[in-house]
Amino acid sequence: MKSSFANFRIRDYIPRKHNIVIFFIFIFIICSTIKHWFSQHNLEWLYVLLFSSIVSYLCVPVVKIIAQRRNIVDTPDNRKIHKTPTALLGGVAVYIAFVSAIIITNSYSLELKGVAIGATIIFIIGLIDDIVTLRARLKIIIQIIAVSIMIYYGVVADFLPNTWWGHFFEIAITFLWMLGITNSLNFFDGMDGLATGLTIICSVFLSILAIKTMQPYLVVLSVALAGSCFGFFPYNLRYKKPAAIFLGDAGSTFMGFMLAGMVLMGGWGGKDPIKAYAMPILIMSIFIFDMVYTTTSRIASHKIVNVREWLEFTGKDHLHHRLTALGLSAKQTVFFIYFLTASLGMSALVLKNGSVIDALLLLFQAVTIYLIIVILMLRGKKDERRNRRKEDQIE
């Protein structure tokens, strides 16, 4: 009996109309004259954005067909809001587009090597998890290994004194930051367009911040990530239609790892560490808030009592779940979170020309905004319990 690979035909996986489009767009965009024109006019960032977006956009239909034919789909259950099995592997298109953009622009460095190796490990383990479900404990161990490789190549938080305890806490903070942001973005991949849109918003603000702090290398990386997600976005958030394809763990964890890694690669504020790290923290604060809030609420309600339970716990208590419980629709929730993230990102850009006091005030403002949201969510949770009791009494 022939194997599935023997029956594999390229034309079965690439839409016919796609062939001509791919050929002409690639001839145009890869042409050295076109690339040179963008470079001459200091528009390399625009070239990277267009290239990564086009590659991602063209790859999505291909990986979607592969996912459907190989039955790599996300099946609905009580925790999920989609109604029909939906193809995974969208993250493959994002990964291919990002890597292609980095290769074609010759954007290499030792630090990027460390982040890229770590992100690729994260992507591969996520891809395996999309195909064959893995235990949470194994995934976190692999993530720790990926972060360790990144640290080996010199990508680490750098703001404490040059002492043994300073290095120790910098490494500990690096692990918490990388694992926290990577998994938080994965948790946000629970509504159409949410994780993808958040990655685009955060990448755009990081690229603007990189321009303001004279870091052209990080501009290329952040724009490449934004473009890779932008090409995928139309398939993941559609008007009056459910998503055609999901990122899968491979995509969401890869994107989270890259975002977190780029923050550590950058030098954001010169001699003031508080101001330097306040800017990217404000941009990424939505992930920090969700991870801290869900962990705290689960511990307080005794839903988890140890690390193993924390790793394996699944529930509908993340920010987007809480907002829908308040009465918002799925799309209203997604755009609420978009606007919240963008508003705090704008605060980060203003802070570039501010002082340390300004940084502390803006961080306090962010905390205040999130506390207001917590109050609303707690009120919604209380009303939900009351309604549930009334329904039980009626029955």
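Conventions used here
Residues numbered from 1 in each chain as written. Predicted model: local features only at pLDDT ≥ 70, side-chain atom pairs only at ≥ 80, totals over all residues. Heavy atoms only, no water. Helix = DSSP H or I, 4+ residues; strand = E, 2+ residues; numbered from the N terminus. Buried < 20%, exposed > 50% of the residue type's maximum accessible area, 1.4 Å probe, protein only. Axes fitted to C-alpha atoms, helices over the stretch in contact; angles between N-to-C directions. Left-handed = near helix turned anticlockwise from the far one by under 90°. Contact = heavy atoms within 4.5 Å. Nonpolar A, V, L, I, M, F, W, Y, C, P; charged D, E, K, R; others polar. Parallel < 35°, antiparallel > 145°, perpendicular 65-115°, else oblique. Salt bridge = Lys/Arg side-chain N within 4 Å of Asp/Glu carboxyl O.

**A closer look at unusual backbone geometry**
A positive phi angle, near 55°, is found at Asn 42, a position not held by glycine. Secondary-structure assignment places Asn 42 in the loop between helix H3 (32-40) and helix H4 (44-69). Take Asn 42: its relative accessible area is 66%, and that puts it in the exposed class. Even without glycine at this site, Met 214 takes up a positive phi of about 60°. Take Met 214: it is sitting in the loop between helix H9 (194-212) and helix H10 (216-236). Owing to a relative accessible area of 69%, Met 214 belongs among the exposed residues under this scheme.

**Notes on the packing of H4 against helix H5 (residues 90-104)**
Between two packed helices, what matters for the description is the angle formed by their axes and the separation of those axes. With their axes 8 Å apart at the nearest point, H4 and H5 run at an angle of 145° to one another. Crossing hand, H4 versus H5: right-handed. Mapping the contact onto sequence places Tyr 47, Val 48, Phe 51, Ser 52, Val 55, Ser 56, Cys 59, Val 60 and Val 63 in H4 and Val 92, Ala 93, Val 94, Ile 96, Ala 97, Ser 100, Ala 101 and Ile 104 in H5. By residue class, the composition of the contact of H4 with H5 is 14 nonpolar, three polar and no charged.

**Overview of the packing of helix H6 (residues 110-131) against helix H7 (residues 136-152)**
It is the contact of H6 with H7, at a shortest axis distance of 7 Å, that shows an interaxial angle of 165°. Judged on the interaxial angle alone, H7 and H6 are roughly antiparallel. Handedness of the H6/H7 crossing: right-handed. Contacts between H6 and H7 involve Gly 114, Val 115, Ile 117, Gly 118, Ile 121, Ile 122, Ile 125 and Asp 129 from the first element and Lys 139, Ile 142, Gln 143, Ala 146, Ile 149 and Met 150 from the second. When the residues that make up the contact of H6 with H7 are grouped by side-chain class, the tally is nine nonpolar, three polar and two charged.

**Digging into the pattern of salt bridges**
According to the stated counting rule, one finds three salt bridges in the structure shown. A salt bridge links Asp 129 to Lys 139; its shortest N-O distance comes to 3.1 Å. Highlighted residues: Asp 129 in helix H6 and Lys 139 in helix H7, separated in sequence by 10 residues. One salt bridge connects Asp 317 with Arg 298, and the closest N-O pair in it is separated by 2.8 Å.

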